[in-house]
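A structural walkthrough
The residues making up each chain are set out below.
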Amino acid sequence: MSLDWLTLQCIIDAAPEGVVVCSAKGLGNQRTWPVSYVNRAFEQLTGYSRDELMGRSLSFLQQGEDAQEELTTIRAALRQGIACRAVLKNYRKEGAPFMNELQLLPLRDAQGNLAHYVSFHRLGSEIISATIGETEIDTNLSTQRLLAHVREDRQTGLLRRSYFEDVLRRDFSLAQREQKPITFVVFEIDQAAAYREVFGPMGSEQTFKRVARAVAGCFRRQTDLCARWEDTQIVTTMMSMDFEQARRMAEYVAARVREMGIHHPRATGTRFVTVSYGLVTDVPGHKDNVAQFISRAVRDLHKLPQDSVMHRAMP
């Protein structure tokens, strides 16, 4: 798949983590690593606008606290052109300190020369040990790896909601133009609140991951999309399916989840975790929009009791 820079920029700007690209200006220890790109999440994290960050070294965020131990790890990684991760004390524009949990990855050109570093940033809740040259990280980060980082939820393997919505708008417009059906299905874990009361947030999240993998494994076509929607919801879209095909597919997914046999001690009518689904298959009219389309499926899901299965098309 070939993507132009404008498309890639829109995807990166939608990422929930801060993303910064710094250029390899200068040589050896004299490189200054000026910022050449930042996304919106990084602006929100630091309080600085893109214009205020462009062309500057991110070291100014330390506000003189240059003796932090993890800076040694970062400087060594920059010298060697390898990956690292660390947590630094930085300062927002208004002066408030925050812990910046970051990961640095080198970007090389076609000749293998170090051209840029891309860094991913999020608000750190606790200190983690700085590491350098992690074996699971490919230090020659490609565009495809970068794209995967910003489009996928790393916990579940599903698409991020923001990326999903962008692609859905594209597919929706295509279905409008070509007058072809498009299907939207929202799956929801039944009686999730009761399950969470028994097993707690961590147990509930682990079960969601298992369900997410099972659901995603059912959608293999290149045009199928699968994303996390809400805490207990997974959404999918399918192109060029009639309603009966889509209904059979949704029933198959629901059966796969039941067959996993995940124990649910407070489930009504069953001992296992199950999912319900809301389904819309339609050829969108020229005046229809994505938001209306999504809300139809969500409303459809909630028309029935939570422990039942939805399998009616919207009018």
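Everything numeric here is computed off the predicted structure, so don't read it as measured data. (Residues numbered from 1 in each chain as written. Predicted model: local features only at pLDDT ≥ 70, side-chain atom pairs only at ≥ 80, totals over all residues. Heavy atoms only, no water.)

1. A short note on the pattern of salt bridges
Rules: Criterion for a salt bridge: a side-chain nitrogen of Lys or Arg within 4 Å of a carboxyl oxygen of Asp or Glu. Only runs of H or I of at least four residues qualify as helices and only runs of E of at least two qualify as strands under DSSP, and these elements are numbered from the N terminus. Here's how the labels work: a residue is buried when its accessible area is under 20% of the maximum for its type, exposed when over 50%, partly exposed in between, all with a 1.4 Å probe on protein chains only.
One pass over the structure, following the stated rule, counts 16 salt bridges. In this structure, the salt-bridge partner of Arg266 is Glu197, at a minimum N-O distance of 2.5 Å. Of the two residues, Arg266 sits in the loop between helix 8 (243-259) and strand 10 (275-282) while Glu197 sits in helix 7 (residues 192-216), which places them 69 residues apart along the sequence. With relative accessibility at 59%, the residue Glu197 sits in the exposed group. With a closest N to O distance of 2.8 Å, Arg228 and Glu205 form a salt bridge.

2. Description of the confidence of the model for the protein
Let me state the cut-off plainly: Confidence scores labelled pLDDT are given residue by residue by the predictor and lie between 0 and 100. Throughout, a residue-residue contact means that at least one pair of heavy atoms, one from each residue, lies within 4.5 Å.
Here the protein averages 82 in pLDDT, and 83% of its residues register 70 or above. For the protein, per-element mean pLDDT is lowest for helix 5 (residues 143-151), which scores 55, and highest for helix 8, which scores 94. Taken as a whole, residues 134-144 scores under 50 in pLDDT and shows 18 contacts with residues more than four places along the chain or in a different chain. Note that residues 304-315 has pLDDT below 50 and, in this model, 38 contacts with residues that lie over four places away or in other chains.

3. What to know about the side chain of Ser119
To keep it simple, the criterion reads: For the purposes of these results, a polar contact is taken to be a pair of N or O atoms within 3.5 Å, where, inside protein, one atom must be able to donate a hydrogen and its partner to accept one; residues adjacent in sequence count only when each atom of the pair is a side-chain atom.
With respect to the helices and strands, Ser119 occurs in strand 5 (residues 114-123). Here Ser119 falls in the buried class, since its relative accessible area comes to 2%. A distance of 2.7 Å separates the side chain of Ser119 from the side chain of His121, its partner in a polar contact. Setting aside residues no more than four positions away along its own chain, Ser119 makes contact with Gly18, Val19, Val20, Leu58, Gln103 and Leu104.

4. With respect to helix 8
The condition that has to hold: Given the number of residues in a helix, its expected span is that number minus one, multiplied by 1.5 Å.
Taking 1.5 Å as the rise per residue, helix 8 with 17 residues should run 24 Å; its terminal C-alpha atoms sit 24 Å apart, in good agreement. If you check which residues of helix 8 are buried, you get Ala246, Met249, Ala250, Val253, Ala254, Ala255 and Val257. Buried residues along helix 8 sit in contact with strand 7 (182-189), helix 7, strand 9 (233-239) and strand 10. For helix 8, the side-chain oxygen to backbone nitrogen distance between the N-cap and Glu244 is 3.2 Å, and the N-cap itself is Asp242. At the exit of helix 8 stands Gly261, carrying a positive phi of roughly 65 degrees.

5. A few points about the packing of aromatic side chains
Put simply, the test is: For Phe, Tyr and Trp, where Trp contributes only its six-membered ring, two rings pair if their centres lie within 6.5 Å, and the inter-plane angle classes them as stacked under 30 degrees, edge-to-face over 60, or tilted in between.
By the definition in use, this model includes nine aromatic pairs. Pairing Phe184 with Phe293 gives two aromatic rings, centres 6.1 Å apart and planes at 75 degrees, and the pair type is edge-to-face. In this pair, Phe184 is assigned in strand 7 and Phe293 in helix 9 (residues 290-301), connecting sequence segments 109 residues apart. The exposure classification of Phe184 matches that of Phe293, with both residues buried.

6. Description of the nonpolar core
Put simply, the test is: By convention a nonpolar core is built from buried Ala, Val, Leu, Ile, Met, Phe, Trp, Tyr and Cys residues, the set being connected through side-chain atoms within 4.5 Å.
Formed by 27 residues in total, the largest nonpolar core has its most connected members in Phe187, Val211, Val215, Phe219 and Ile234. Not counting chain neighbours up to four residues away, the residues in contact with Val215 comprise Phe187, Cys226, Ile234, Thr236, Val253 and Val257. One finds Ala24, Phe42, Leu58 and Tyr117 within the second-largest nonpolar core, a separate group that totals 25 residues.

7. A closer look at the environment of Tyr37
One can find Tyr37 in strand 2 (residues 35-38). In this structure, the C-alpha to C-alpha distance between Tyr37 and Asp51, residues 14 residues apart in sequence, is 9.8 Å.

8. Concerning the pairing of strand 5
Formally: At least two DSSP bridges between two strands are needed for those strands to be called paired.
Two strands pair when backbone bridges link them, and strand 1 (residues 18-23) and strand 5 are joined in this way by six bridges, in the antiparallel orientation. Pairing of Cys22 across the sheet is with Tyr117, part of strand 5. In the sheet, strand 4 (residues 97-108) pairs with strand 5 via nine bridges, with the strands oriented antiparallel. Counted as the bridge partner of Leu105 is Val118 from strand 5. What sits between strand 4 and strand 5 in their antiparallel hairpin is a turn of five residues, with Gly112 showing a positive phi close to 85 degrees.

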